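Observations on the model geometry
Next come the chains, spelled out residue by residue.
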Amino acid sequence: LYFFIVVDGFVASDSTLSSGINAENGKQWYQRRVRGRTGSLGVIVGMLSMLSRTCRSAFRALSDECKRKPCEAFKAFRDNGAETISSLLSSQSTQEAMEILVESLIKPFARSMCQCPKLIDATMTCFQKYDGLYFEMAEMDRTMFDAAISQIDWTSLKKAAKVFMAEAWCGEGADGADCVDEMGKAYHVMAQFIDNTMAGEDVCMSGVRFAGKMTRYMQAITDFTSMDNFVDAYLDMEKAAMCDSECAEEVARGFYSCCAKSAMETVSKKSNQKALIRAVKSIMPLISEDQAMPNIKKLMKVMNPEKFCGKKIDVYKRMNDECEAMEA
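Report follows, based on the coordinates. (Residues numbered from 1 in each chain as written. Predicted model: local features only at pLDDT ≥ 70, side-chain atom pairs only at ≥ 80, totals over all residues. Heavy atoms only, no water.)

Secondary structure summary: the protein chain contains 20 helices and zero strands in total. A burial count over the protein chain gives 39% of its 328 residues as buried. Summed over its atoms, the accessible surface of the protein chain is roughly 18,600 Å², and 55% of this surface lies on carbon and sulfur atoms. (Helix = DSSP H or I, 4+ residues; strand = E, 2+ residues; numbered from the N terminus. Buried < 20%, exposed > 50% of the residue type's maximum accessible area, 1.4 Å probe, protein only. Areas by Shrake-Rupley, 256 points an atom, 1.4 Å probe, with all protein chains shown as cover.)

Right, dumping it as structure tokens:
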């Protein structure tokens, strides 16, 4: 729904944005196009007419609390979107922007998923069993769409999505911390890394100290040669970031926690890894017919920092022991 609202605003070639986007005209655009409902209401009504009967039924079947979540999200965007957009556009750093995103979007979304994991089932049903009017209205053949949908392992994709979005960061850590809040802190650490790196600061919480590894990783993305090369470059960069003998303590205390430990253990469970592998395997042919599967098991090594960094870096073991002692 957000996507259609935003597209509506820009497709309308609103003169408010003709001089470029900034905090003030971004807020004006929002008030005219969303709160003012000068054009978005028509798009929303049109979009709802394209939603399939099966999709609507899937959402109606949710509990009363959960079926209200999409409307609550839209109302929050309608009522607070102008201020959020203005704040984002006027933010002076990645950390400042991340604070806004975490509080206004990431944490509310995460809490909704924790409370209502069946939202994921309902959303995927909309794609898996689409019987709406879009193709008829657009006068398009849906053969390719149906072929693509039939290739996806929806059972595995739903399981993998629930693991990442509705299980890993839900509840409390062994230390009693709210795991959604802890997830927010991890995003802040990422933003701090970005700001320090862009400022050229050669400190522990910065990519400057492993610039060579980061450059190789970026090249592996832009000059994509093989999935193995990409995976190796990613793991090399993560090891440099997490496992440096002089910086591991500071980095770990920044992002690692009892909640992070629990989340990583959840994601890396064998049954969850298998679901992710099956889901990715079913999707890969839709992305590239000749591209090899990423080595998911190899990528998952980073989900166990204690083993990933080795015995010489003991901070993750000490933190794991602290969490396990509190669980006992």
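Here we take up the state of the cysteines. For the coordinates displayed, the defined rule picks out seven disulfides. Sulfur-sulfur distance for the disulfide between C55 and C126 comes to 1.9 Å. On the sign convention where negative means left-handed, the S-S torsion of about 65° between C55 and C126 marks this disulfide as right-handed. Residue C55 is located in helix α4 (residues 53-60), and its partner C126 is located in helix α8 (residues 118-128); the two are separated by 71 residues in the primary sequence. You'll find C55 and C126 in the same group, each marked buried. Two residues, C114 and C170, share a disulfide whose sulfurs are 2.0 Å apart. (Disulfide = S-S within 2.5 Å.)

The residue S262 is located in helix α16 (residues 258-267) in this model. It is 9.9 Å that separates the C-alpha atoms of S262 and E167, two residues lying 95 residues apart in sequence.

Attention now moves to the packing of aromatic side chains. One pass over the full model with this rule turns up nine aromatic pairs. Seen in terms of ring centroids, Y217 and F230 are 5.8 Å apart; in terms of plane orientation they differ by 35°. Their pairing is tilted. Pair noted here: Y217 is in helix α13 (residues 211-222) and F230 is in helix α14 (residues 227-242), with a separation of 13 residues, a long-range link. Each member of the pair, Y217 as well as F230, is classed as buried. Seen from their ring centres, Y256 and Y316 are 5.4 Å apart, and the 80° between their planes marks the pair as edge-to-face. With Y256 in the loop between α15 (248-255) and α16 and Y316 in helix α20 (residues 315-327), this residue pair connects regions lying 60 residues apart in the sequence. Residue Y256 shares its accessibility class with Y316, and that shared class is buried. Sitting over the face of the ring of F308, K239 holds its NZ or CZ atom 4.9 Å from the ring centroid. (Phe/Tyr/Trp six-rings, centres within 6.5 Å; stacked < 30°, edge-to-face > 60°. Lys NZ or Arg CZ within 6 Å of the ring centre and 35° of its normal.)

Residues K159, K269, K270, K274, R278 and K297 make up a contiguous surface patch of positive charge. When residues in the positive patch are grouped by element, the largest group, three residues, is from helix α17 (residues 270-287). By secondary structure assignment, the location of K269 is in the loop between α16 and α17. (Patch = residues over 30% accessible without salt bridge, like charges linked within 9 Å, V, L, I, M, F, W, Y side chains within 5 Å. Salt bridge = Lys/Arg side-chain N within 4 Å of Asp/Glu carboxyl O. Lys, Arg positive; Asp, Glu negative; His and termini not counted. Charge placed at Lys NZ, Arg CZ, Asp CG, Glu CD.)

Another point: the nonpolar core. Within the largest apolar cluster, 53 residues are counted, with the highest numbers of intra-cluster contacts made by W169, M242, F255, Y256 and Y316. With nine residues, α14 is the single largest residue contributor to this core. Residues within four places of Y256 in sequence aside, it is in contact with K261, M264, P305, Y316, M319 and N320. Counting residues in each nonpolar core, the second largest holds 16 residues, with L62, C66, I149 and W154 among its members. (Core = buried A, V, L, I, M, F, W, Y, C linked by side-chain atoms within 4.5 Å. Contact = heavy atoms within 4.5 Å.)

Next up on the list: the pattern of salt bridges. Under the definition given, this model contains 20 salt bridges. Taking the shortest distance from any N to any O, the salt bridge between R111 and D178 comes out at 3.2 Å. With R111 in helix α7 (residues 94-115) and D178 in the loop between α11 (154-167) and α12 (179-198), the pair connects residues that are 67 residues apart, well separated along the chain. Residue classification places R111 among the partly exposed residues on the basis of a relative accessible area of 30%.

Moving on, we come to the packing of α13 against α14. Angle between the axes and distance between the axes are the two parameters that describe a pair of packed helices. Close contact between α13 and α14 brings their axes to 9 Å; oriented N to C, the two are set at 155°. As judged from the angle between their axes, α13 and α14 are roughly antiparallel. Between α13 and α14 lies a crossing whose hand is left-handed. Contact residues: α13 offers K213, M214, R216, Y217, A220 and I221, while α14 offers N229, F230, D232, A233, Y234, D236, M237 and A240. (Axes fitted to C-alpha atoms, helices over the stretch in contact; angles between N-to-C directions. Parallel < 35°, antiparallel > 145°, perpendicular 65-115°, else oblique. Left-handed = near helix turned anticlockwise from the far one by under 90°.)

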